[in-house]
Amino acid sequence: MIEILNPTELARAKETGALVANILQTLKGRSKAGTNLLDIDRWAKEMIVEAGADSCYVDYAPSFGRGPFGHYICTAVNDAVLHGLPHDYALADGDLLTLDLAVAKAGIAADSAISFIVGDSKPAESVALISTTERALAAGIAAAGPGARIGDISYAIGAVLSEAGYPINTEFGGHGIGSTMHQDPHVPNTGRPGRGFKLRPGLLLALEPWVMVDTAQLVTDADGWTLRSATGCRTAHSEHTIAITSDGAEILTLPR
């Protein structure tokens, strides 16, 4: 299903997007060396409930996961990149942490992810990895507007990732979003310009470039959810929900 939102729904999407962004920034500020991933999940739950919103993850049970996710946020550390299941792990200085959060409020969902380094250590390889996903996300957003096509976004993202020398996995990527978290169209992180669905005002997309340092191959953790790099290399993931408008793309998941 490809959903086109009306102006009233778009206004609600902006509120949901701001909520997601604010929660992520609060959690980033609390994530220190020694912080447990289960505490991050608990804090996320508290903020979602306090805002009168609903988690998109707790009951999420797609074919690629093992049963309902059962948690409120994805926490991926170092070689984990997607669907990181919170567990009893205390963060260490220099860990590369990705927080991925999707919530729904007033019937509209928003989805965003941030990657950052915990503590004072700043490994150069990790800094470069995160920066590349952020630049790729910015390129994808710049390519999105009425009349553009999904392939234009994918090409823009993939060009940045490829130029930086990272392999690109196309199993998981961006997606449509609206009254539910995952909708069509799929937005791969590489593609051919001029191809795919033509963008229209009112369309919401979650764009999410993610990469692994030296492989495009994923392995599934024993928890049945967490996806890791096959070589054990570090990973990073950046994501925004955007709305296509008559003037271009508006980022909805910016903190207020």
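Before reading on, note that the structure itself is shown above.
These remarks concern the structure in this document.

Conventions used here
- Residues numbered from 1 in each chain as written.
- Predicted model: local features only at pLDDT ≥ 70, side-chain atom pairs only at ≥ 80, totals over all residues.
- Heavy atoms only, no water.
- Salt bridge = Lys/Arg side-chain N within 4 Å of Asp/Glu carboxyl O.
- Buried < 20%, exposed > 50% of the residue type's maximum accessible area, 1.4 Å probe, protein only.
- Axes fitted to C-alpha atoms, helices over the stretch in contact; angles between N-to-C directions.
- Helix = DSSP H or I, 4+ residues; strand = E, 2+ residues; numbered from the N terminus.
- Parallel < 35°, antiparallel > 145°, perpendicular 65-115°, else oblique.
- Left-handed = near helix turned anticlockwise from the far one by under 90°.
- Contact = heavy atoms within 4.5 Å.
- Nonpolar A, V, L, I, M, F, W, Y, C, P; charged D, E, K, R; others polar.
- 1 Å grid on protein atoms, 1.4 Å probe; cavity = no way out; pocket = protein on both sides within 12 Å on 5 of 7 lines; lining within 4 Å.
- Points joined across faces, edges and corners; volume = space filled by probe spheres on them.
- Pairing = 2+ DSSP bridges.

## Quick notes on the pattern of salt bridges
Taken as a whole, this structure holds 6 salt bridges when the rule is applied. D221 is paired through a salt bridge with R228; the nearest N and O atoms lie 2.9 Å apart. Residue classification places D221 among the partly exposed positions, given a relative accessible area of 26%.

## A look at the packing of helix α3 (residues 124-142) against helix α4 (residues 150-163)
The interhelical angle for the contact between α3 and α4, taken along N-to-C directions, is 155°, at an axis separation of 8 Å. The angle between α3 and α4 falls in the class roughly antiparallel. The two elements α3 and α4 cross, and the hand of that crossing is right-handed. Listed contacts from α4 to T132, R135, A136, A139 and G140 of α3 are I153, A156, I157, V160 and L161.

## Thoughts on the packing of helix α1 (residues 7-30) against helix α2 (residues 37-50)
It is the contact of α1 with α2, at a shortest axis distance of 10 Å, that shows an interaxial angle of 145°. As for how α1 packs across α2, the hand of that crossing is right-handed. Residues I23, T26, L27 and R30 of α1 pack against I40, W43, A44, M47 and I48 of α2. Residue classes in the contact of α1 with α2 are distributed as 7 nonpolar, 1 polar and 1 charged.

## As for unusual backbone geometry
Backbone torsion omega between D184 and P185 reads 0°, so that peptide bond is classified as cis. Along the chain, P185 falls in strand β7 (residues 183-187). Look at H83: it is not a glycine, yet its phi comes out positive at around 60°. Residue position: H83 is located in the loop between β3 (80-82) and β4 (96-105). Judged by its relative accessible area of 15%, H83 is buried. With a phi angle near 55°, A106 is a residue other than glycine that sits in the positive phi range. Mapping A106 onto the fold places it in the loop between β4 and β5 (108-117). Among the residues examined, A106 registers a relative accessible area of 52% and is labelled exposed.

## Quick look at the layout of surface pockets
Estimates place the volume of the largest pocket at around 330 Å³. As for the largest pocket, its lining consists of 22 residues, of which H83, F172, H175, H182 and E208 are closest to the centre. Of all the secondary structure elements, the ones that give two or more residues to the lining of the largest pocket are β6 (174-176) and β7. A breakdown of the residues in the lining of the largest pocket according to their chemical character gives 10 nonpolar, 8 polar and 4 charged. Empty space within the second largest pocket amounts to approximately 240 Å³. Every residue lining the second largest pocket is counted, 18 residues in all, and those nearest its centre are A113, I114, E134, S238 and H240.

## Remarks on the pairing of strand β14 (residues 248-251)
Here strand β13 (residues 240-245) pairs with β14 via 4 bridges, running antiparallel. Its bridge partner being in β14, I244 is matched across the sheet by A249. Count of turn residues in the β13/β14 antiparallel hairpin: 2 residues.

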